[in-house]
Amino acid sequence: MDRRYLLTAFSYALLGLMLGLYMAASHDHGQLVTHAHIMMIGFLVSFSYALCYRLWLEASSGCHNGRLVMAQFWLHQLGTLGVAIGLFLLYGEFVALEVVDPFLAVASFSVFGGVVLMMVQLLKTKSVKGEDG
């Protein structure tokens, strides 16, 4: 799972950087919020999850494909894509806030759910190599 998260993290990084380069070249920074969210929840959080799986979860329990693991991955991915698409549509003025707001709310709670499920996995994990924390 660490590799899957690492690959998605860098995919989001490329997407976020392309949007940032476009904004810089066009001198139109209207998508700054979208760019920031792609980089934060797409790249940084996904990268953090890759580290969590590599350093604690897979190292301690060998979990790769359990239901909780897959639910956490897909909640994060669908939520992150939903937030990115919703913000792009909103800040690009393609749709009104009233239209996209419920979509953004569901996507945001999906990302939140992914964080909760990661926390559950970390709490269930035994310490690695005799560490206490």
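Please read these numbers as outputs of a predicted model, since none were measured by experiment. (Residues numbered from 1 in each chain as written. Predicted model: local features only at pLDDT ≥ 70, side-chain atom pairs only at ≥ 80, totals over all residues. Heavy atoms only, no water.)

Quick word on the overall build of the protein
So, step 1. Of the regular secondary structure elements, the protein holds four helices and zero strands.
So, step 2. Counted from the first residue to the last, the protein has its helices and strands arranged as α-α-α-α.
So, step 3. Here the protein holds 133 residues, and 38% of them are scored as buried.
So, step 4. Contacts in the protein between residues far apart in sequence, at least 24 positions, make up 76% of those at least 6 positions apart. (Helix = DSSP H or I, 4+ residues; strand = E, 2+ residues; numbered from the N terminus. Buried < 20%, exposed > 50% of the residue type's maximum accessible area, 1.4 Å probe, protein only. Contact = heavy atoms within 4.5 Å.)

Looking at the environment of Val99
So, step 1. Note that Val99 resides in helix α4 (residues 97-124).
So, step 2. When its relative accessible area of 58% is taken as the criterion, Val99 is described as exposed.
So, step 3. For the pair formed by Val99 and Gly86, sequence separation is 13 residues and the distance between their alpha carbons is 9.7 Å.

Some details on helix α1 (residues 2-26)
So, step 1. For α1, with 25 residues, the first-to-last C-alpha span of 36 Å sits near the 36 Å given by 1.5 Å per residue.
So, step 2. For α1, the set of buried residues is Asp2, Tyr5, Thr8, Ala9, Tyr12, Ala13, Gly16, Leu19, Gly20 and Met23.
So, step 3. A positive backbone phi angle near 60 degrees is found at His27, which sits one or two residues after α1. (Expected span 1.5 Å × (residues − 1).)

Description of the packing of helix α3 (residues 67-91) against α4
So, step 1. Interhelical geometry of α3 versus α4 gives an angle of 150 degrees and a closest axis separation of 7 Å. On the basis of the axis angle, α3 is roughly antiparallel to α4. When you trace α3 past α4, the crossing you get is left-handed.
So, step 2. The residue makeup of the contact of α3 with α4, split by class, is 17 nonpolar, eleven polar and one charged. (Axes fitted to C-alpha atoms, helices over the stretch in contact; angles between N-to-C directions. Parallel < 35°, antiparallel > 145°, perpendicular 65-115°, else oblique. Left-handed = near helix turned anticlockwise from the far one by under 90°. Nonpolar A, V, L, I, M, F, W, Y, C, P; charged D, E, K, R; others polar.)

Focus: the packing of aromatic side chains
So, step 1. Within the structure shown, the criterion is met by eight aromatic pairs.
So, step 2. Measuring from centroid to centroid gives 5.4 Å for Phe10 and Phe43, while their planes differ by 65 degrees, and the two rings are edge-to-face. Residue Phe10 is located in helix α1, and its partner Phe43 is located in helix α2 (residues 32-61); the two are separated by 33 residues in the primary sequence.
So, step 3. Taking the relative accessible area as the measure of exposure, Phe10 reaches 43% and is therefore partly exposed.
So, step 4. Ring centres 6.0 Å apart and planes at 35 degrees place the aromatic pair Phe43 and Phe47 in the tilted group. (Phe/Tyr/Trp six-rings, centres within 6.5 Å; stacked < 30°, edge-to-face > 60°.)

What about α4?
So, step 1. In a regular helix each residue adds 1.5 Å, so 28 residues correspond to 40 Å; α4 covers 39 Å between its end C-alpha atoms and thus fits that length.
So, step 2. Where α4 is concerned, the buried positions are Val100, Leu104, Ala107, Ser110, Val111, Gly113, Gly114, Leu117, Met118 and Gln121.

Here's the deal with the packing of α1 against α3
So, step 1. Axis separation between α1 and α3 bottoms out at 12 Å; the angle between their running directions is 5 degrees. Here α1 lies roughly parallel to α3, going by the angle between them. On the side of α1, the interface is formed by Arg4, Tyr5, Thr8 and Tyr12, while α3 contributes Met70, Gln72, Phe73, His76, Gln77, Thr80 and Leu81.
So, step 2. For the contact of α1 with α3, the class distribution of residues is five nonpolar, five polar and one charged.

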